[in-house]
Amino acid sequence: MILTVTLNPSVDKRYQVDDVIKGTVMRASAVYPTAGGKGLNVSRVIRLLGEQVTATGLLGGRAGDYIAEELQEQGIINRFVRIQEETRSCLAFLDRGNSQTEVLEPGPTVSREELERFLAVFEELAGHHQIICLSGSLPRNVPINIYRDMIEIARTKRARVLLDSSGEALRSGIDAGPFFIKPNRSELEALAGTELTGEDEIFEQVDRLHRCGIDNVAVSLGKEGALAVLGGKHYRLSVPRVNAVNPVGSGDASLAGMAVGLKRGYSVEHALGFACACGTANAVEAATGVVNPQLVDELYSQINLLPC
């Protein structure tokens, strides 16, 4: 089965407004609350694709209660650890031009005892799940090397880890050699410490990550597809053009697709194609972290993955 980890979940509220204008009163025509955080988006897409998923992480307060209720309604197994402080909220303002402006709270402060309880639960769950998705930012007081430690625990349980984070949390996790990472271009540039101006420079950095012990790396290029090194081989992946409505969450949908593909026994190459189909399918939905399984299958048949 698949396990997802969301250490910094949120109650996400998406406001539909005419325009975002500083210093004014803006009235929303619609508000869409949902259980958010990258790992919960991943969990939701996995369930929509018909697979079982267990979600763990940290939840607190009434916002945590709301998220737990949504997990139950969506058929996601809840193994979150409760903490004393309130789970954060994140606000997104979508204007009539489909531009999105976000306000993201930093998240609660987690005590050492709460973190130790979580790690004990994670170690137990890692022994019963073959694929583990680690996603998103870290709340306050959680050490930056937490993903590295979790990957090392998962390795002792023979689980494959898919890591999707950014900044120092991603850099630290990379040191432990996860099975798969999917940075976008800007995240790869941050890791490299320099701007990457073409495919050759992107592949040079991805090869470096592969030599560091990461078997599979895919760099998302948005509507231009992706570049990947899978098992040491270079690939270029193109995706079909769609009428994108809300691309937010497409990376999470892609990670869910990769996890589902691997769980179904697809080769890594075919799992990556399925992942990109999921990411593309998410972009045509108004809600974040949602896919239509029938559309995913249609898009999957149009994905081109070519060695280069």
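Residues numbered from 1 in each chain as written. Predicted model: local features only at pLDDT ≥ 70, side-chain atom pairs only at ≥ 80, totals over all residues. Heavy atoms only, no water.

Applying the stated rule across the entire model yields 13 salt bridges. Among the salt bridges present, the one from Lys 38 reaches Asp 164, with a minimum N-O distance of 3.3 Å. Residue Lys 38 is located in helix α1 (residues 38–48), and its partner Asp 164 is located in strand β10 (residues 160–164); the two are separated by 126 residues in the primary sequence. The class of Lys 38 is partly exposed, set by a relative accessible area of 31%. Residues participating in the shared-partner salt-bridge network are Lys 38, Asp 164, Lys 182 and Asp 252. (Salt bridge = Lys/Arg side-chain N within 4 Å of Asp/Glu carboxyl O. Helix = DSSP H or I, 4+ residues; strand = E, 2+ residues; numbered from the N terminus. Buried < 20%, exposed > 50% of the residue type's maximum accessible area, 1.4 Å probe, protein only.)

Another aspect to go through is the sheet that holds strand β8 (residues 100–104). Strand order in the open sheet formed by four strands is β3-β2-β7-β8, and the pairing between neighbours is mixed. Each end of this open sheet is capped by a strand with a single partner; those strands are β3 (30–36) and β8. Strand after strand, the sheet turns through a mean of 20° between neighbouring axes, direction not considered. Lying over the sheet, helix α2 (residues 61–73) contacts β2 (10–16) and β3, oriented at roughly 85° with respect to β3. (Pairing = 2+ DSSP bridges. Axes fitted to C-alpha atoms, helices over the stretch in contact; angles between N-to-C directions. Contact = heavy atoms within 4.5 Å.)

Let's shift gears to the packing of aromatic side chains. Summed over all chains, the structure comprises five aromatic pairs. With a centroid separation of 5.5 Å and an interplanar angle of 85°, the aromatic rings of Phe 274 and Tyr 300 are classed as edge-to-face. Taken together, the residues span a long stretch of sequence, with Phe 274 in helix α9 (residues 268–283) and Tyr 300 in helix α10 (residues 293–300) at a distance of 26 residues. Linked through ring pairs, Tyr 266, Phe 274 and Tyr 300 together constitute an aromatic cluster. (Phe/Tyr/Trp six-rings, centres within 6.5 Å; stacked < 30°, edge-to-face > 60°.)

The next thing to look at is the side chain of Glu 51. Structurally, the position occupied by Glu 51 is in the loop between α1 and β4 (53–60). A residue is classified by how much of its surface remains accessible, and Glu 51, at 10% relative accessible area, is buried. Among the polar contacts listed, one links the side chain of Glu 51 to the side chain of Lys 263, at a separation of 3.0 Å. (Polar contact = N/O pair within 3.5 Å; in protein donor to acceptor, adjacent residues only side chain to side chain.)

A word on the packing of α1 against helix α8 (residues 250–263). Direction vectors running N to C along α1 and α8 enclose 50°, while the axes themselves pass 8 Å from each other. If you check the angle between α1 and α8, you find them oblique. The way α1 lies across α8 gives a crossing that is right-handed. Note on element contacts: α8 touches α1 through Asp 252, Ala 253, Leu 255, Ala 256 and Val 260, opposite Lys 38, Asn 41, Val 42, Val 45 and Ile 46. (Parallel < 35°, antiparallel > 145°, perpendicular 65-115°, else oblique. Left-handed = near helix turned anticlockwise from the far one by under 90°.)

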